[in-house]
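Below are the chains, spelled out letter by letter.
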Amino acid sequence: MRLLERMRKEWFMVGIVLAISGAKLEPSIGVNGGPLKPEITVSYIAVATIFFNSGLSLNTEELTSALVHLKLHLFIQIFTLAFFPAAIWLFLQLLSITPINEWLLKGLQTVGCMPPPVSSAVILTKAVGGNEAAAIFNSAFGSFLGIVVTPLLLLLFLGSSSSVPFTSIFSQLFMTVVVPLIIGQVVRRYIKDWLERKKPPFGAISSSVLLMIIYTTFCDTFSNPNIDLDKFSLILILFIICSIQLSFMLLTFIFSTRNNSSFTPADTVAIIFCSTHKSLTLGIPMLKIVFAGHEHLSLIAVPLLIYHPVQILLGSVLVPTIKSWMVSRQKGVKLTRPTV
């Protein structure tokens, strides 16, 4: 199962490259008003499909056992949706004096505003042997919370960049995000046994639809002659994203392993991944709604497109190290327990 998940993620990375390359070669197909009609097929049908799929696949019944760890959940959600975007905003005040493309910097801010992903943090937590139930709960709950909080954060930090009125944003979010998500959960109740028996490829479906969204987003970019992306800015953004990811993983590790933290080593593993990972699946559709019609939308989306593979790559590389630390700490705890 883990091999299949890894193959799907590798296929998706290749798909992103092909989608952007295809948009570069023939942008007229996916632009607004083009043959694909993205103003309808993407803005409404594709986004609604992703969130209906999420509602159908989220196994909320398994989350009840994790509800009691309130301190753990508060730590992850506050770090992800409050500390992370605030820290990025402060950091960008320093970066604003550099020659880095301003729309890529705005894109960094959108990364900070995103909710946690539903899959990658859970998969990596499970690979290490950490608190999987907590990872599942916080990924799912963070996704639900992000439906409301993320657009608010985007408008708070980048409100002047949005060309869509506040009420229009939330009405579209409600119709294309909240309603399909609820319908998916309702439908799940009636076909739960069939879903558990057949195990439909939810991840592959969402990834395919997401590639279509990415393709049409970059079609708008390459069809606009006024947009120029310099390689220097792109390389710097890649370096900054790697640095942010590693720094925040280290920060969550330090906070969660303090003597008075009361978190177990398994809890720390879930905290490291859930607090620092950001959702591409939920993020791109939200950016498409909040910045609908914005000429620099694709540049704003670039840091999130980079952050997604970086978080998976770094997480995968660090799995053996984190697992070794967790096992040694758990052995230490067992040795220090008094025998009766």
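In this text the structure is predicted, and so the values were computed from the model without any measurement.

Enquirer: Mind laying out the overall build of the protein, listing which residues take part and the relevant values?
Expert: Looking only at helices and strands, the protein features 12 helices and 0 strands. Taken from N to C terminus, the helices and strands of the protein fall in the order α-α-α-α-α-α-α-α-α-α-α-α. Here the protein holds 340 residues, and 51% of them are scored as buried. Sequence separation of at least 24 residues holds for 85% of the intrachain contacts in the protein that already meet a minimum separation of 6. Element-wise, carbon and sulfur atoms account for 69% of the exposed surface of the protein, whose accessible area totals about 16200 Å².

Enquirer: For empty space enclosed by the protein, give the residues involved together with the corresponding values.
Expert: In this approach the atoms are scanned with a rolling probe the size of a water molecule, which exposes any empty space left behind. All told, the structure shown has 3 cavities of 30 Å³ or more when counted by the stated rule. In this model, the second largest cavity occupies a volume close to 40 Å³. Surrounding the second largest cavity, Thr217, Ile284, Leu287, Lys288, Leu297 and Ala301 form its lining. With 3 residues, the single largest contributor to the lining of the second largest cavity is helix α11 (residues 280-290).

Enquirer: Just give me the short version of a nonpolar patch on the surface, but keep the residues and values in it.
Expert: Together, Ile40, Tyr44 and Ile45 line one region of the surface with nonpolar side chains, adding up to about 310 Å² of accessible area. Residue placement: Ile45 occurs in helix α2 (residues 38-57).

Enquirer: Outline the nonpolar core, listing residues and values.
Expert: Of all hydrophobic cores here, the largest spans 62 residues; its most connected members are Leu108, Ile213, Ile237, Ile284 and Leu287. Residue contributions to this core peak at 11 residues, all from helix α12 (residues 297-336). The residues contacting Leu287, other than those within four sequence positions of it, are Thr110, Met114, Leu154, Ala292, Leu297, Ala301 and Leu304. Ranked by size, the runner-up nonpolar core spans 23 residues in total, among them Val122, Phe263, Ile272 and Trp325.

Enquirer: An account of the packing of aromatic side chains is requested, with residue identities and associated values reported.
Expert: The relative placement of two aromatic rings is captured by the distance of their centres and the angle of their planes. With the rule as written, the count across this model stands at 9 aromatic pairs. Measuring from ring centre to ring centre gives 5.0 Å for Phe253 and Trp325, while their planes differ by 70 degrees; the resulting arrangement is edge-to-face. On the criterion of sequence distance, the pair formed by Phe253 in helix α9 (residues 231-256) and Trp325 in helix α12 is long-range, its members being 72 residues apart. For Phe253, a relative accessible area of 27% translates into the label partly exposed. The exposure class assigned to Trp325 is buried, which follows from its relative accessible area of 19%. Put simply, the rings of Phe75, Phe79, Phe83, Phe84, Phe248, Phe263 and Tyr307 pair up and form one aromatic cluster.

Enquirer: Any chance you could break down unusual backbone geometry for me, citing the residues and the numbers?
Expert: Of note, the phi angle at Lys37 is positive, near 50 degrees, even though the residue is not glycine. Along the chain, the position of Lys37 falls in the loop between α1 (2-25) and α2. Using a relative accessible area of 40% as the deciding quantity, one classes Lys37 as partly exposed.

Enquirer: Which residues make up the packing of α2 against α11, and what values do they have?
Expert: For the pair α2 and α11, the least separation of the axes is 10 Å and the interaxial angle reads 155 degrees. Here α2 is positioned roughly antiparallel relative to α11, judged by the angle of their axes. In the packing of α2 onto α11, the handedness of the crossing is left-handed. Across the interface between the two elements, Val42, Val47, Ile50 and Phe51 of α2 pack against Thr281, Leu282, Pro285, Lys288 and Ile289 of α11. Residue composition of the contact of α2 with α11, grouped by class: 7 nonpolar, 1 polar and 1 charged.

Enquirer: An account of the environment of Gln330 is requested, with residue identities and associated values reported.
Expert: Within the secondary structure layout, Gln330 lies in helix α12. With 65 residues separating them along the chain, Gln330 and Pro265 place their C-alpha atoms 6.8 Å apart. Beyond its immediate sequence surroundings of up to four residues, Gln330 is in contact with Pro265 and Ala266.

Enquirer: If you had to explain the UniProt feature "transmembrane region" (unreviewed entry) in the protein to someone new, which residues and values would you point to?
Expert: As recorded in UniProt, the feature "transmembrane region" (unreviewed entry) lies at residues 41-60, 72-92, 136-157, 169-190, 202-223, 235-256, 268-291 and 297-319. The span residues 235-256 carries 100% helix and 0% strand; its end-to-end C-alpha distance comes to 32 Å. Secondary structure across residues 268-291 divides into 83% helix and 0% strand, with the first and last C-alpha atoms of the span separated by 36 Å.

Basis of the calculations
- Residues numbered from 1 in each chain as written.
- Predicted model: local features only at pLDDT ≥ 70, side-chain atom pairs only at ≥ 80, totals over all residues.
- Heavy atoms only, no water.
- Helix = DSSP H or I, 4+ residues; strand = E, 2+ residues; numbered from the N terminus.
- Buried < 20%, exposed > 50% of the residue type's maximum accessible area, 1.4 Å probe, protein only.
- Contact = heavy atoms within 4.5 Å.
- Areas by Shrake-Rupley, 256 points an atom, 1.4 Å probe, with all protein chains shown as cover.
- 1 Å grid on protein atoms, 1.4 Å probe; cavity = no way out; pocket = protein on both sides within 12 Å on 5 of 7 lines; lining within 4 Å.
- Points joined across faces, edges and corners; volume = space filled by probe spheres on them.
- Patch = residues over 30% accessible without salt bridge, like charges linked within 9 Å, V, L, I, M, F, W, Y side chains within 5 Å.
- Salt bridge = Lys/Arg side-chain N within 4 Å of Asp/Glu carboxyl O.
- Core = buried A, V, L, I, M, F, W, Y, C linked by side-chain atoms within 4.5 Å.
- Phe/Tyr/Trp six-rings, centres within 6.5 Å; stacked < 30°, edge-to-face > 60°.
- Axes fitted to C-alpha atoms, helices over the stretch in contact; angles between N-to-C directions.
- Parallel < 35°, antiparallel > 145°, perpendicular 65-115°, else oblique.
- Left-handed = near helix turned anticlockwise from the far one by under 90°.
- Nonpolar A, V, L, I, M, F, W, Y, C, P; charged D, E, K, R; others polar.
- UniProt positions renumbered as here; feature names shortened; annotations may be inferred.

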